[in-house]
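Summary of the model geometry
Here is what each chain is made of, one letter per residue.
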Amino acid sequence: MRIFLTGATGFIGSALIPELQAAGHQILSFTRSDAGARRLAEAGVEPLRGDLTDLDRLRDGAARAEGVIHTAFDHDDFTNFVANCEKDRRAIAALGEALKGSDRPLVITSGIGIGCPAPGVPATEDVFNTAHPNPRIASELAGAALSEAGVNVSVMRLPQVHDTVKQGLVTYLIDLARRTGVSAYLGDGANRWAAGPVYDVARLYRLALEAGEPGARYHAVAEEGVPAHAIAAVIGRGLGVPVVSLPPEEAGHFGWLSAFVGLDMPASSAWTRARLGWAPTGPGLIADLERMDYGTVRV
């Protein structure tokens with residue numbers, strides 16, 4: 001297929017390029033800069049200049065494709081997370097407009113927390129709470145509206161996606177530990193974060209696109225839950241800084257991360273694995289954190 005891929009120069013998108021190409025797909029991709037366009041062209045990808053606020057260009061890219069994978073999201077400023085989620089909602093709506101009246105698949109992106117049925121219970125693919133307090137629900141609501149309009153939409157819910165350079169929210173914990181001189185967690189650190197290696201996640205996006213199952217929700221989860229204290233411990237070893245437990249009243253230490261750092265976010269991918277035959281091969285989050293070069297990697 002000819003695939004329109006947003007976020008192709010980003011962390012997950014750059015892993016998707018060789019995955020899609022190896023399966024014989026051609027790629028048209030969105031990029032914000034001349035430098036990004038040159039990198040994409042060198043990788044055998046046709047670049048399309050624009051950003052997430054350029055809705056007409058998004059519609060144009062989707063109209064020119066046989067399938068769409070939307071991985072782009074504004075990660076530049078998490079203090080504006082609500083506004084970034086609203087921007088994503090508008091982008092998804094624009095992509096879907098170009099696909100109406102066809103069965104061309106659109107795979108959008110969300111977070112595994114949206115599938116959590118209750119505190120401490122692993123998130124599952126069958127849970128879709130339209131009143132979920134996480135602002136990222138806006139992405140899935142946009143997808144649901146398109147589904148009702150007959151667009152072939154599926155959802156990829158992401159955990160902490162990782163390699164030895166980036167690890168989702170954990171990357172920002174590393175930066176915080178580097179700046180403050182301590183690797184911290186809240187309370188007993190028993191809360192868990194689900195995780196998935198970036199190349200396994202890229203393969204799952206491809207499988208979801210090729211399956212083209214309307215309304216499906218997938219969990220890109222290789223590890224159901226990695227304890228916060230284990231994450232803090234390996235960061236402490238990597239940076240050579242003390243590992244400390246902070247009481248809940250000192251959550252302000254984490255800045256904007258305080259909204260996430262104490263959350264228990266385990267997730268299952270049992271349905272996803274059975275449905276698509278996806279079998280992640282690793283490595284695990286802790287293994288990647290042990291192998292990374294803490295002297296050179298920065299946010």
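A short tour of the structure in this document, coming up. Bear in mind that the values here come from a model prediction, so they are computed numbers and not experimental data. (Residues numbered from 1 in each chain as written. Predicted model: local features only at pLDDT ≥ 70, side-chain atom pairs only at ≥ 80, totals over all residues. Heavy atoms only, no water.)

A few points about the sheet that holds strand β11 (residues 223-227)
Spatially, β7-β9-β11 is the arrangement adopted by the three strands of the open sheet, whose pairing is mixed. One side of each edge strand has no neighbouring strand; the edge strands of this open sheet are β7 (160-162) and β11. With direction set aside, neighbouring strand axes in the sheet form an average angle of 45°. Alignment of β7 against strand β9 (residues 192-197), held across three bridges, turns out to be parallel. Its bridge partner being in β9, V161 is matched across the sheet by G196. Across the sheet, helix α7 (residues 198-211) is in contact with β7 and β9; its angle to β9 comes to roughly 75°. (Pairing = 2+ DSSP bridges. Helix = DSSP H or I, 4+ residues; strand = E, 2+ residues; numbered from the N terminus. Axes fitted to C-alpha atoms, helices over the stretch in contact; angles between N-to-C directions. Contact = heavy atoms within 4.5 Å.)

A word on the packing of aromatic side chains
Tallying each qualifying case throughout the model produces six aromatic pairs. Ring centres of F81 and F260 lie 6.0 Å apart, and the angle between their planes is 80°; this geometry places the pair in the edge-to-face category. In this pair, F81 sits in helix α4 (residues 81-97) while F260 sits in the loop between β12 (243-246) and α9 (270-276), placing the two residues 179 residues apart along the sequence. Judged by its relative accessible area of 14%, F81 is buried. In this structure F260 comes out as buried when scored by relative accessible area, which is 15%. Centroid distance Y172 to W256: 5.1 Å. Interplanar angle 75°. Geometry classified as edge-to-face. Here Y172, found in helix α6 (residues 169-180), pairs with W256, found in the loop between β12 and α9; they are 84 residues apart in sequence, far enough to count as distant. Taken together, the ring pairs in this structure connect F73, F81, Y172, W256 and F260 into an aromatic cluster. If you follow R136 out to its NZ or CZ, it ends over the ring of F73, 4.0 Å from the centre. (Phe/Tyr/Trp six-rings, centres within 6.5 Å; stacked < 30°, edge-to-face > 60°. Buried < 20%, exposed > 50% of the residue type's maximum accessible area, 1.4 Å probe, protein only. Lys NZ or Arg CZ within 6 Å of the ring centre and 35° of its normal.)

Re the packing of helix α1 (residues 11-22) against α7
For the pair α1 and α7, the least separation of the axes is 9 Å and the interaxial angle reads 60°. Viewed along their axes, α1 and α7 adopt a mutual orientation that is oblique. In this structure, α1 crosses over α7, and the sense of that crossing is right-handed. Here α1 contributes F11, I12, A15, L16, E19 and L20 to the contact with α7, which in turn contributes V198, Y199, A202, R203, Y205 and R206. (Parallel < 35°, antiparallel > 145°, perpendicular 65-115°, else oblique. Left-handed = near helix turned anticlockwise from the far one by under 90°.)

Description of the nonpolar core
For soluble globular proteins, the rule of thumb is that nonpolar side chains tend to be buried together. Among the nonpolar cores identified, the biggest contains 35 residues, and V170, I231, I235, F254 and L289 are the most heavily contacted of them. If you list the elements that add at least two residues to this core, you get α4, α6, β8 (183-186), β9, α8 (228-239) and α10 (285-291). Looking at which element gives the most residues to this core, the answer is α6, with six residues. In this structure, A15, L16, V161 and A216 belong to the second largest nonpolar core, which totals 29 residues. (Core = buried A, V, L, I, M, F, W, Y, C linked by side-chain atoms within 4.5 Å.)

Side note on helix α5 (residues 137-148)
Compared with the 16 Å implied by 1.5 Å per residue over 12 residues, the 17 Å span of α5 between its first and last C-alpha is a close match. Buried residues of α5: I137, A138, S139, E140, A142, G143 and L146, and no others. The inward-facing, buried residues of α5 contact α4, β5 (105-111), β6 (152-158) and β10 (217-219). Downstream of α5 by one or two residues, G150 has phi in the positive range, about 95°. (Expected span 1.5 Å × (residues − 1).)

Some points on the packing of α4 against α5
At a closest axis distance of 8 Å, the pairing of α4 and α5 adopts a crossing angle of 20°. The orientation of α4 relative to α5 falls into the category roughly parallel. Here α4 runs over α5; the crossing is right-handed. Every residue of α5 that contacts α4 at C85, D88, R89, I92, A93, G96 and E97 is listed here: A138, S139, A142, G143 and L146. Taken together, the residues of the contact of α4 with α5 sort by class into six nonpolar, three polar and three charged. (Nonpolar A, V, L, I, M, F, W, Y, C, P; charged D, E, K, R; others polar.)

A closer look at the sheet that holds strand β2 (residues 26-31)
Strand order in the open sheet made by the seven strands is β3-β2-β1-β4-β5-β6-β10, with parallel pairing throughout. In the strand order of this sheet, the two ends are held by β3 (46-49) and β10, each with one partner. Between one strand and the next, the sheet's axes are offset by a mean angle of 20°, whatever the strand orientation. Of the pairings in the sheet, the one linking β2 to β3 comprises four bridges and is parallel in character. Directly across from F30, in β3, lies its bridge partner L48. The strands touched by α1 are β1 (2-6), β2, β4 (67-70) and β6; relative to β1, the strand with the most contacts, the crossing angle is about 170°.

Focus: the side chain of D200
Note on placement: D200 falls in helix α7. We classify D200 as buried; its relative accessible area is 2%. A distance of 3.0 Å separates the side chain of D200 from the backbone nitrogen of G282, its partner in a polar contact. (Polar contact = N/O pair within 3.5 Å; in protein donor to acceptor, adjacent residues only side chain to side chain.)

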